[in-house]
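Residue strings, one per chain:
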Amino acid sequence: MQINHTQRKFLLMNICRNCPVCNCSNNTLIYNNKLAPISGIQLSNMLVACDECGFLFCDRIPDEKTYAEYYANLSKYDVVGADVNPIDNLRVEAGAKLVNRFVDKSAKVVDIGCGNSALLGNLKSQGYTKLIGIDPAKNCSERAKIYGIQDVYCGSIVDFDLSLVSDADVVLVMAVLEHLVTPKSSIDRLVSGMKVGARLIIEVPSLALFDGIKGEPLGELSIEHLQFFSLTSLTNLMVGLNLKLVGDYEMELPHALGALFAVFECTSDAATEFQDGSSDSVIMKKYVYDSNTKLARCFEQPIDKSIILYGAGAHSARLLPQLAERGIHVQAIVDGNPNYHGETLGEIEIQDPMVLADMPDTPVLISSFRSEAAIKVFCTERFTNRLIMFYGS
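1. Some details on the layout of surface pockets
The computed volume of the second largest pocket comes to approximately 220 Å³. In terms of lining residues, the second largest pocket is bounded by 16 residues, among which A36, L320, P321, A324 and G346 are the most central. Top contributing element to the lining of the second largest pocket by residue count: helix α9 (residues 314–325), with four residues.

2. Section: the sheet that holds strand β11 (residues 243–253)
Overall, mixed pairing links the seven strands, which are arranged β7-β6-β5-β8-β9-β12-β11 in an open sheet. Each of the sheet's edge strands pairs with one partner strand only, and the pair in question is β7 (152–154) and β11. Going from strand to strand, the sheet's axes swing by 15° on average, the running direction of each strand aside. Where strand β5 (residues 108–112) meets strand β6 (residues 130–135), five bridges bridge the pair, whose relative direction is parallel.

3. A look at the packing of aromatic side chains
A full pass over the atoms with the stated rule returns ten aromatic pairs. Considering the side-chain rings of F390 and Y391, the 5.1 Å spacing of their centres and the 85° angle between planes classify their relative orientation as edge-to-face. Y391 carries the same exposure label as F390, and that label is buried. One aromatic cluster in this structure is built from F299, F369, F390 and Y391. The ring of F160 carries the charged tip of R189 above its face, separated from the ring centre by 5.3 Å. Over the ring of F299 we find R326, and its NZ or CZ is 3.7 Å from the ring centre.

4. Points about the pairing of strand β4 (residues 56–59)
Residues L56 and C58 point to one face of β4 and F57 and D59 to the other, with burial holding for every one of them. With four bridges joining them, strand β3 (residues 45–50) and β4 adopt antiparallel strand pairing. Paired with A49 across the bridge in β4 is L56. If you look at the hairpin formed by β3 and β4, you'll find five residues sitting between the two strands, and G54 has a positive phi there, around 85°.

5. Considerations on the sheet that holds strand β14 (residues 329–334)
Reading across from one edge, β15-β16-β14-β13-β17-β18 is the order of the six strands in this open sheet, with mixed pairing throughout. Edge positions in the sheet fall to β15 (344–345) and β18 (387–389), since each has one partner strand and no second. Where strand β13 (residues 306–310) lies against β14, five bridges are found, and the strand directions are parallel. Among the inter-strand pairings, S306 is bridged to a residue of β14, identified as H329. Across the sheet, α9 is in contact with β13, β14, β15, β16 (348–351) and β17 (364–366); its angle to β13 comes to roughly 170°. Along the sheet, helix α10 (residues 372–382) contacts β13, β17 and β18; its crossing angle with β18, the most-contacted strand, is approximately 170°.

6. Overview of the packing of helix α3 (residues 86–102) against helix α4 (residues 118–125)
Two numbers describe how α3 lies on α4: the axes approach to 9 Å, and their chain directions differ by 50°. Between α3 and α4, the angle falls in the class oblique. Here α3 and α4 pass one another in a crossing that is right-handed. Together, V92, E93, G95, A96 and V99 of α3 and A118, L119, N122 and L123 of α4 make up the contact between the two elements. Of the residues assigned to the contact of α3 with α4, the class counts are six nonpolar, two polar and one charged.

The rules behind the values
Here the residue index of a chain counts from 1 through its sequence in written order. Per-residue local features of the predicted model are confined to residues with pLDDT of at least 70, and side-chain atom pairs are confined, for both listing and counting, to 80 or more; whole-chain, interface and lining totals are unaffected and use all residues. Excluded from the side-chain calculation are hydrogens and water; included are all heavy atoms of the structure. Cavity: a set of points on a 1 Å grid over the protein atoms alone where a 1.4 Å probe fits but cannot get out. Pocket: an open set with protein on both sides within 12 Å along at least five of seven lines, its lining residues, like those of a cavity, having an atom within 4 Å of a point. Grid points are joined across faces, edges and corners, and a volume is the space filled by probe spheres set on the points. Under the DSSP-based scheme used, a helix requires at least four consecutive residues in state H or I and a strand at least two consecutive residues in state E, with every element numbered from the N terminus. Paired strands, as defined in this entry, are two strands with at least two bridges between them according to DSSP. Axes here refer to lines fitted to C-alpha atoms; in helices the fit is confined to the stretch in contact. Angles between the N-to-C directions go from 0 to 180 degrees. Stacked, tilted and edge-to-face pairs are distinguished by plane angle, under 30 degrees for stacked and over 60 for edge-to-face with tilted covering the rest, among Phe, Tyr and Trp rings (Trp via its six-membered ring) whose centres lie within 6.5 Å. For every residue, the accessible area (1.4 Å probe, protein chains only) is compared with the maximum for its type, and the residue is labelled buried under 20%, exposed over 50%, or partly exposed between those bounds. By the criterion adopted, a ring carries a charge over it if an Arg CZ or a Lys NZ lies within 6 Å of its centre and within 35 degrees of its normal. Residues count as neighbours in contact if any of their non-hydrogen atoms are within 4.5 Å of one another. For this classification, under 35 degrees means roughly parallel, over 145 means roughly antiparallel, 65 to 115 means roughly perpendicular, and everything else is oblique. We call a crossing left-handed when the near helix sits turned anticlockwise from the far one by less than a right angle, and right-handed when that turn is clockwise. All amino acids are sorted into three groups, where Ala, Val, Leu, Ile, Met, Phe, Trp, Tyr, Cys and Pro are nonpolar, Asp, Glu, Lys and Arg are charged, and the leftover types, Gly among them, are polar.

All we've got here are geometric facts, nothing functional implied.
Written as C-alpha cells, this is what we have:
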C-alpha cells in the first residue's frame, strides 16, 4: 500500500513524517499499530518503510510537545527506590565496556537520557569522576544520588545546554534515538556542540534480532519507539553529520531481545552516501507476521467476558483494543508502577494492585510477557482472584 502526504492528512489528526534519514515523503505501510491512549495521549501510529532508503519508522504520530509531556509525567525510569532490572544491568555492563575501550578514566563522560543513572553509577564504581547526566524525567536526579552521581540535569537531547558537552570526551545516547520525533536534527544539534575527536556511543534495539516467535509479540513496536535500526540504517542516519563509524557491537538479551551499540567519532572524514537498507523491511515484515500468529494462538484460550487487567504498559495498550473487539469487558486496570496510578489507559483508571482484594470474584488477566511469572507469584501470595496467564507461564 503506497501512502503519500496528500492521502495521509485525512486519516488521522497526528502529524505525518518525512523519512528521518533521507527526508523522502513517500512510504509503504507495513503495520497499523493500534494502541489505547494513555491519560488521553493517543500514541497509535503507522509503521512504514521509506520508499527511497528503506528506513523503518512510525508515521502519523503526536508532536514533540506531546511526547515530552509523556516522558516528564509517565516515565517508568524515575521511580525513586525502584530496582534496575536484569536486562538493563546487562545493557549497562556492555555500555561501560565500550566506554572503557575508547577512553581512560580521566575522560569526561556525558550521558544524555541517563534514566536511572545506572550506567553512570557503573562508571563511577570503576574510577571515572567526570560524569554528567541529562534526562527529562522529573525524579532522575534523585535516582542518580543512589549511585553517588550529583551532576544530573533536567533536559532532553532536543533542548539541553550544549555547553555541557563542549569538552566531553564521550557522549552516551543509550536507548534514546528510537524515541525521538526528529532523530537526525537532534543528533546534528548534539554534534554541533561536541569537539573534534570526541566519541558518540549510541545504543538502540537491534532490528536484526527482532523475534516474533520467541519474544513478546509486537513488543518491539513499543508505545515509545518511533524508528527501528539496523547497523546500516543507523549509519545512514549519520550521513552528513560529520560522524564516522569506528566500532559496533550487537548483543542478544533475555526474552529474545537484542541491543545494537555503535561508536562514532566526530570528524570531517565521514560517510557522505547512503547504503542500501531495503533488506530491513524483509526482517520487519517477518517479525510482524510471526507476532500476529503468536497473538492469535494466545487468544485461542478461554478468556472470561469480564476481567481485570494487570499491567498498564505498552502490552496492555495494544491488548485493550483487541479485547474490546472480542467483546471482553475490562473492569479495572492495576499496575505496580506508582507513576501510573490515577492515570488512565483507554478510559479506565490505573490503580494500585492492592485493590484486587476488593474484587476477589473477578478473574485477572496478566498482561505482561516478561513479568508474567513474577506477577503470578505476587498475586497468588496476596489475593484469591483466579489468574489468566496469557502466555501460560
